[in-house]
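Fold and contact review
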Amino acid sequence: MTRVVGDRPSVMLVGDTLDLGGTEGQFTQLALRLDRKRWDVEIACMRPEGPLLKPLNAAGLQPWRCGPPSLKSPLLLGAIMTFARRIRARRIDILHSFGFYSYILALPAARLAGVRAVVGSQRDLGNLRPQLDRMLHRFALGMAKDILVNSEAVRDVDLAGVGQVRAQVERA
């Protein structure tokens, strides 16, 4: 299998769902605004369903289901390996993951696949998650090479202890 389309750099955007929400809206807008004359774009979601699917489809983007039905499933490790094989086969240059569930699957898969630029976007403090989820979250985000955050609080509180990761605050 070759690149997504051709010789342009390939980017894979990975989200949780296509429901209405701030992160989902930013994920969709980025997908729609990437210049496809310059980038090969592939969209994956844990659950590619919701009202934001329509504008993506209208733009010729076909999000595909990338994850198991549950991250608590014994199938998770196999899903990470399968995802890594797809990423490698598609020769993805940049993987950008948006959201807790997609981090758990996509960031380890991207590192296994040898993706050059692995990016996570963190937009909440994560302080309402159970302790085990917070540990998984930090572990997965630690696999990103760069993390985009939407506030200093997220950078300073939620990413404390993530390791040698560059975290940059997005400015609107």
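Predicted model only: the values in this text are computed from it and were never measured.

**Quick word on the layout of surface pockets**
Here the largest pocket is characterised by a volume of approximately 380 Å³. If you trace the largest pocket, you find 18 residues lining it, with Met46, Pro69, Ser70, Leu71 and Tyr101 closest to the centre. Sorting the residues of the lining of the largest pocket by element identifies strand 1 (10–17), strand 2 (40–47), helix 4 (100–113) and helix 5 (131–141) as the ones contributing at least two each. Tallied by class, the residues present in the lining of the largest pocket amount to 10 nonpolar, 3 polar and 5 charged.

**A word on unusual backbone geometry**
With a phi close to 55°, Arg91 is a non-glycine residue in the positive phi region. Positionally, Arg91 belongs in the loop between helix 3 (76–89) and strand 4 (94–98). For Arg91, a relative accessible area of 43% translates into the label partly exposed.

**With respect to the nonpolar core**
Ranked by internal contacts, the top residues of the largest apolar core, which has 32 residues, are Phe83, Ile87 and Leu95. When contributions to this core are tallied by element, the ones reaching two or more residues are strand 1, strand 2, helix 3, helix 4, helix 5 and strand 6 (146–149). The contact partners of Ile87, leaving out residues within four places of it in the chain, are Met12, Ile92, Leu95, Ala109, Ala110, Ala113 and Val115. By size, the runner-up hydrophobic cluster in this structure holds 13 residues, among which are Leu34, Leu52, Leu61 and Phe98.

**Re the packing of helix 3 against helix 4**
Contact geometry for helix 3 and helix 4: axes closest at 8 Å, N-to-C directions at 50°. If you check the angle between helix 3 and helix 4, you find them oblique. The hand of the helix 3/helix 4 crossing is right-handed. Contact residues: Leu76, Ala79, Ile80, Met81, Phe83, Ala84, Ile87 and Arg88 in helix 3; Ile104, Leu105, Ala106, Pro108, Ala109, Ala110, Leu112 and Ala113 in helix 4. In terms of residue class, the contact of helix 3 with helix 4 is built from 15 nonpolar, no polar and 1 charged.

**Comments concerning the side chain of Glu42**
Within the fold, Glu42 resides in strand 2. Residue Glu42 is classed as buried on the basis of its relative accessible area of 5%. Within the structure, Glu42 has its side chain in polar contact with the side chain of Trp64 (distance 2.6 Å). Among the polar contacts made by the side chain of Glu42, one reaches the side chain of Arg86 at a distance of 2.9 Å.

**Focus: the pairing of strand 5 (residues 117–122)**
Among the 6 residues of strand 5, 5 are classified as buried, and the element is accordingly described as predominantly covered. With 5 bridges joining them, strand 4 and strand 5 adopt parallel strand pairing. When the bridges of strand 5 are listed, Ile94 appears paired with Ala117. Handedness of the crossover joining strand 4 and strand 5 through helix 4: right-handed. Pairing analysis gives 4 bridges linking strand 5 to strand 6, with the strands arranged parallel. Bridged to Gln122 within strand 6 is Val149. A crossover connection joins strand 5 to the parallel strand 6 through helix 5; in handedness this β-α-β unit is right-handed.

Rules and cut-offs
Residues numbered from 1 in each chain as written. Predicted model: local features only at pLDDT ≥ 70, side-chain atom pairs only at ≥ 80, totals over all residues. Heavy atoms only, no water. 1 Å grid on protein atoms, 1.4 Å probe; cavity = no way out; pocket = protein on both sides within 12 Å on 5 of 7 lines; lining within 4 Å. Points joined across faces, edges and corners; volume = space filled by probe spheres on them. Helix = DSSP H or I, 4+ residues; strand = E, 2+ residues; numbered from the N terminus. Nonpolar A, V, L, I, M, F, W, Y, C, P; charged D, E, K, R; others polar. Buried < 20%, exposed > 50% of the residue type's maximum accessible area, 1.4 Å probe, protein only. Core = buried A, V, L, I, M, F, W, Y, C linked by side-chain atoms within 4.5 Å. Contact = heavy atoms within 4.5 Å. Axes fitted to C-alpha atoms, helices over the stretch in contact; angles between N-to-C directions. Parallel < 35°, antiparallel > 145°, perpendicular 65-115°, else oblique. Left-handed = near helix turned anticlockwise from the far one by under 90°. Polar contact = N/O pair within 3.5 Å; in protein donor to acceptor, adjacent residues only side chain to side chain. Pairing = 2+ DSSP bridges. Right-handed = clockwise from strand over helix to strand, strands pointing away.

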